[in-house]
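What the coordinates show
Residue-level listing of the chains:
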Amino acid sequence: MSIDQQLFLQQLRALNLEDGKAYIQRCWEEVGDWQQVGEAIRDEARRQENSSALVSLKLGELLIFFGEHVQQKLLQARGLIAKGDALKLIGQHQAALECLDRAGEELLHLGEDLDWARSRMSWMISATWLGRADEALNEAQQAREVFLLHNDYYWACAVDHNMAAIYKQLGKYQEASAIYERLLVTLPAISNGNEELIQRAIAMANANLALVRLLQGRFEQARALLREARQGFAALDNISAIVKIEVHQAEVDYVEGYYGSALRQYYQARDHMIEHKIVKGPMSLAELHLRIADCLVKLNRSQEAAELARDAVEGYRQVRVPLDIGEALREYAKTLVALGQPGEALAALDEAQQLFEQGSLEHYAMATRLQRAELLLTSGEYEEAYNQAYRVKGFFEARGLLVSTIQAGLVIAEALIARAVADTPERKQSLLEEAKQLCQQVTMQARRHHVQQQVYRGHHLLGNLALLQGSRKQASRHYRVAIGQIERILDDLMHDLSPAFLRTAWAVYEDMIALHLEEDEAEVAFSYLERARSVVLRRYLNRSKEMVHRQDGEQTATGQRPVSNMAVLQVQRELEEWQQSYRKYSVQLANYDMFASSDIDLAVIQDELKRCEGRLSELFERLQLCELEGRSSVQTQREQRQMVQPVDIARLRQHLAPQQVLLAYFLFQGRLVIFAATRDGLVTRTQTDATSQLERLLPLLHAHLQPAGWPDQLHPPQQVIRRLLNKLYDLLIAPVADLLPPAGGHLTIVPYGPLHTLPFHALCNNNSNGSHFLVEDFLISYLPASSVLMPLGEVQATGREAKLPPLIFGYSGNGQLQRAVEEAKILEQLLGGRCYLEEEATITRLLQEAQGSSLIHLATHGHSRLDAPNFSSILLNDGQLNALDAFSLDLQDCELVTLSGCETGLSLSGGGDEQLGLGRAFLAAGAASLVMSLWPVEDTATSILMQHFYQCLLEGTSRVEALSAAQRHLLTQGSDTQPAHTHPYFWAAFRLVGNASPLLHLQSELHIDVAQAVSQKIDV
């Protein structure tokens, strides 16, 4: 009785290798015609190549075994071909060659020239990867002649396809392009071939031609060809190939400078690989991870990129494919340069260069030389950088490789500028003119082909050249164009990708600001400072304003959220699951000291938290990236997007009160610039050598704000800290003393960089009237950026009526911070509202009840994470509420959030002076103002300060008046009963950020006399 052939194949697919061999031994006599069965196994192995190379590899092994068992040399040889084909697909090129050589020898001995020619298909690809390209092309030509001799036009086209791939590998893109174009004409005309295979070959030709067009800078053609390829593979239900197309579409976005879209598509492709089980071992993702690493380097996420690239290098070393190792080393070198490790980067490039030259891979060797030239440029070796870049530019230009040509040209221009600056006056002008002509040429090419990053780099260089040649007007024009390109790139970036990218691109803004300051154009300079400052927070605030408008029945042209789809919902679900895990482990960590046992490993908890943080960061980023539009509408929608808008300085000044002065600080090139804005105008003052003074004074100040260094806790030393605060006053306030408002007026401080950690309200003015802290003379509030003054005020002005009374949480962390609970109880008596203590003070409850609350007070432990600012947190009963959680809150009705804990106001300064941490998250969620701390706070003083702060609010004073009065109360009360409280450590930690006006919705009917509350709860 014979076995059904399909059942036989099904069993071979399902069984492992050894069980498959056993199955063949049992059933070989019942399978019928051995040749037919062998051909069926071979054909099934080919089909499996598209979905599972490992299944194809197993079937090749089984076909070899079947041939040996039935003593058929031809079947054994065909099995070796199938095995070699599969090994090639998984990157095992040396092993593939060995199989295919054995097959080829046997087939020539048997006189099977067609099968021999088919064995050359994978052989030529693997040989090329191993540096034997000339041999590969020779074998390909012989195989092609055999197929044509037998009128097998499909297989002749398949040889052509592989020859084109070899030419592409060798950097001979014109030859490759010609072959792909010929295939797209020839393949549809084949009438006697397998239709499915022909459709697949057409789709592959479209995809590969698209990659050539990408390198040539013909991006629209590349996109169109990739769309056709995707349609072709979709018709064949070839998921693996579709995923590869997704990766290629991301590559087009990357080259054009749409890094957000590229990163989103890379993540999406990785998801699809995992979902459809295309991933077979760690090396399956290595190439994709290198692409992601390249994108992350552009976004200044170098540490993450380095880890991905390093893993890829180690993985490729194991499979010993020179081209893969070299490419991974090149990417790893980029990450090392970004991390400030030029020596290690140079060593990686040297190894890559050697691998490419040994394999006669000239294109890759030249690309490596270009990287070396860039590294030499940053190292100050301008002459050698020029020579290497000049050589590679000619190579790329001759082959029509636009992007690499532009890149090399910019390196040459930058090297010429550096040489000109150091050269004699006679030579300087000629070098600058040469640099200018080259820079204009390559920048024009970049603009014509829409290579955004090179456009902004080119115009930035042209601006620098114009300055060196004395043309400030031309410099301003070029900087303006460069900034326009940067903002187009920013428009494709969401959340923290924007400040990450701005860490590099911010230099253009600095040069533009410096130029207009030198031209005495203060308003223009200030506008550019604010234009890309805190850009992420401003986007959130603008979106909040639009949401309020929509809820009031108004229609807006922008800010429409994309409709949720299954992918977004999946990311949201996964994010929630990881958040729950993170909270679980954070509770375990918080309770470790109380419930420690020998069975609990603290390191395991910490490792799990770190793992959760990594995954949460990625998922949150991906959720933000999902707001980017789909690629199908990319060209129409990108023109409609709202760009980063210039700041209307005149309108900003109209938001200032009559006795309000806004002081915005800016540090660059060692200088300090103070912009002083009032309703009447804008004035600037500049301090030279300010950066070095701040670098010395700020660490000393923070050291003296730490009680651990005091000799007597009850009588802290004040002389030194007052002297430091006075020096900082002289540096930061004295230059604009004549512009300050009258006593009792309002100062709004907009710090910059390290100044965000400074309590300006504690700066000390020593004059003839004695020593005064700034808060004793003025009302002081803070903003993360001047430009948020308008949206913060407008959101509240158009806000909805608050529906819920104050929300108060008090959590002691297993009794370690009892002050927090007592503080919450007193505030409940003062304010009324909803108060949740200890076990009831949970993240879950806050997420449920925050919406609609007019005021939120959170008294608990705070923890600043400058290493990972999105995980700065406050502790509640069910875990750490971090910045990612805060972003998800709806605080559109909330006028004030108080984070009464340690270091809740500390943040990390990102690119564009974006303040990354808890404060930004609460403002982004809609809170109009925040009260936060800059250092670990003292319990008793904090309780007194908070009580007086809220009592003043209940009496109708503004938020800034209330906090200033509470701080002055501690100063005054401290001088009478608690001398220690006059030290800034006790009263100056908290500051008001955001809207400083009176609260609109706080009800005072339920408040009691503060003195009674204080006497009941705490001995002051």
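Every chain begins its residue count from 1, and numbering advances along the sequence as written. Local features in this predicted model are restricted to residues whose pLDDT is 70 or higher, and side-chain atom pairs enter the listing and the counts only when it is 80 or higher, whereas totals over whole chains, interfaces and linings include all residues. Where side-chain values are given, they derive from all heavy atoms of the structure, hydrogens and water being excluded.

If you check an unreviewed UniProt entry, the chain appears there as CHAT domain-containing protein from Reticulibacter mediterranei.

**Let's talk about helix α9 (residues 153-169)**
Helix length check: α9 (17 residues) gives 24 Å between terminal C-alpha atoms against 24 Å at 1.5 Å per residue, within 8%. Burial classes: relative accessible area under 20% of the type maximum marks a residue as buried, over 50% as exposed, and values in between as partly exposed (1.4 Å probe, protein chains only). We count a stretch as a helix when DSSP gives it H or I for four or more residues in a row; a strand needs E for two or more, and each element gets its number in order from the N terminus. Most of α9 is tucked away, with 15 of its 17 residues classed as buried. Two residues or fewer past α9, G171 is found with a positive phi of approximately 80 degrees. Take the number of residues in a helix, subtract one, and multiply by 1.5 Å to get its expected span.

**Re the sheet that holds strand β12 (residues 873-876)**
The criterion for strand pairing is that DSSP finds at least two bridges linking the strands in question. As summarised here, the arrangement of the three strands in space is β11-β12-β13, forming an open sheet in which the pairing is antiparallel. Sheet topology places β11 (862-863) and β13 (879-882) at the edges, where each strand pairs with a single neighbour. Direction of pairing for β12 relative to β13: antiparallel, over a ladder of four bridges. Note that in β13 the partner of S873 across the bridge is N882. By the convention used here, residues are in contact when the closest approach between their heavy atoms is within 4.5 Å. Fitted lines through C-alpha atoms give the axes, limited to the stretch in contact for helices. The angle between two N-to-C directions lies from 0 to 180 degrees. Packed on one face of the sheet, helix α28 (residues 566-590) meets β12 and β13 and runs near 120 degrees to β13.

**Comments concerning the nonpolar core**
One broad rule of soluble globular proteins: the nonpolar side chains tend to lie buried together. With 200 residues, the main nonpolar core has L663, Y665, L732 and F922 as its most contacted residues. When residues in this core are grouped by element, the largest group, 12 residues, is from helix α25 (residues 497-518). If we skip the residues at most four places from it in the chain, L663 touches I674, F675, A676, I733, V736, L740, L747, T748, I749 and V750. We call a set of buried Ala, Val, Leu, Ile, Met, Phe, Trp, Tyr and Cys residues a nonpolar core when their side-chain atoms join them within 4.5 Å.

**Quick word on a nonpolar patch on the surface**
To count toward a patch, a residue needs a relative accessible area above 30% and no salt bridge. Like charges then connect within 9 Å, nonpolar side chains (Val, Leu, Ile, Met, Phe, Trp, Tyr) within 5 Å. In short, Shrake-Rupley with a 1.4 Å probe defines the accessible areas, and a residue's cover is counted only from the protein chains shown. Salt bridges, as used here, are contacts in which a Lys or Arg side-chain nitrogen is within 4 Å of a carboxyl oxygen on Asp or Glu. Together, L54, L89 and I90 give the surface a local cluster of nonpolar side chains, amounting to about 220 Å² of exposed area. Secondary-structure assignment places I90 in the loop between α5 (73-89) and α6 (93-110). According to the relative accessible area criterion, I90 is partly exposed, its value standing at 32%.

**A look at the pattern of salt bridges**
Applying the stated rule across the entire model yields 54 salt bridges. Linked by salt bridges that have partners in common, E39, R42, D43, R46, R78 and D115 make up one network.

**Focus: unusual backbone geometry**
Within the chain, D689 stands out as a residue other than glycine whose phi angle is a positive 55 degrees. Turning to its location among the elements, D689 is positioned in the loop between β3 (682-687) and α33 (690-704). Notably, N814 is not glycine yet its phi reads approximately 60 degrees, a positive angle. With respect to the helices and strands, the residue N814 is situated in the loop between β8 (807-810) and α37 (818-831). Take N814: its relative accessible area is 31%, and that puts it in the partly exposed class.

**Here's the deal with the packing of helix α2 (residues 17-27) against helix α4 (residues 53-69)**
Their axes nearest at 10 Å, the elements α2 and α4 cross at an angle of 30 degrees. Comparing the axis directions of α2 and α4 gives the class roughly parallel. Crossing hand, α2 versus α4: right-handed. Contacts between α2 and α4 involve L17, G20, K21, I24 and Q25 from the first element and K58, E61, L62, F65, F66 and H69 from the second. Under the scheme applied, nonpolar residues are Ala, Val, Leu, Ile, Met, Phe, Trp, Tyr, Cys and Pro; charged residues are Asp, Glu, Lys and Arg; polar residues are all the others, including Gly. Considering only residue class, the contact of α2 with α4 consists of five nonpolar, three polar and three charged. An angle below 35 degrees is treated as roughly parallel, one above 145 as roughly antiparallel, one from 65 to 115 as roughly perpendicular, and anything else as oblique. In a left-handed crossing the near helix is turned counterclockwise from the far helix by less than a right angle, and in a right-handed crossing that turn is clockwise.

**A look at the packing of helix α7 (residues 113-129) against helix α8 (residues 133-149)**
Between α7 and α8, whose axes approach to 9 Å, the crossing angle comes to 155 degrees. Between α7 and α8, the interaxial angle falls into the category roughly antiparallel. Note on packing geometry: the crossing formed by α7 with α8 is left-handed. Contacts from D113, L114, W116, A117, R118, R120, M121, W123, M124, A127 and T128 in α7 reach A133, E135, A136, E139, A140, Q142, A143, V146 and F147 in α8.

**A look at the environment of A224**
Note that A224 resides in helix α12 (residues 219-235). On the basis of relative accessible area, A224 is assigned to the partly exposed category, the value being 27%. It is 56 Å that separates the C-alpha atoms of A224 and L999, two residues lying 775 residues apart in sequence.

**Focus on the state of the cysteines**
Count a disulfide wherever a pair of cysteine sulfur atoms falls within 2.5 Å. Evaluation of the coordinates by the stated rule reveals zero disulfides. Between C835, a free cysteine, and C894, which holds the nearest cysteine sulfur, the sulfur-to-sulfur gap is 16 Å.

**Notes on the side chain of D913**
With respect to the helices and strands, the residue D913 is situated in the loop between β15 (908-909) and β16 (915-916). Given a relative accessible area of 3%, D913 falls into the buried group. What D913 contacts, discounting residues up to four positions off in sequence, is R533, S534, P751, Y752, G753, H756 and P784.

**Focus on the packing of aromatic side chains**
Each pair of aromatic rings is reported with the distance of its centres and the angle of its planes. To pair, rings of Phe, Tyr and Trp, with the six-membered ring standing in for Trp, must have centres within 6.5 Å; the planes then decide the type, stacked if under 30 degrees apart, edge-to-face if over 60, and tilted in the middle. A full pass over the atoms with the stated rule returns 23 aromatic pairs. A network of ring pairs unites the aromatic residues Y254, Y259, Y456 and F501 as a single cluster. R419 extends its terminal NZ or CZ atom over the ring of Y386, reaching a point 4.8 Å from the ring centre. Comment: the charge-over-ring label is applied if NZ (Lys) or CZ (Arg) is within 6 Å of the ring centre and within 35 degrees of the ring normal.

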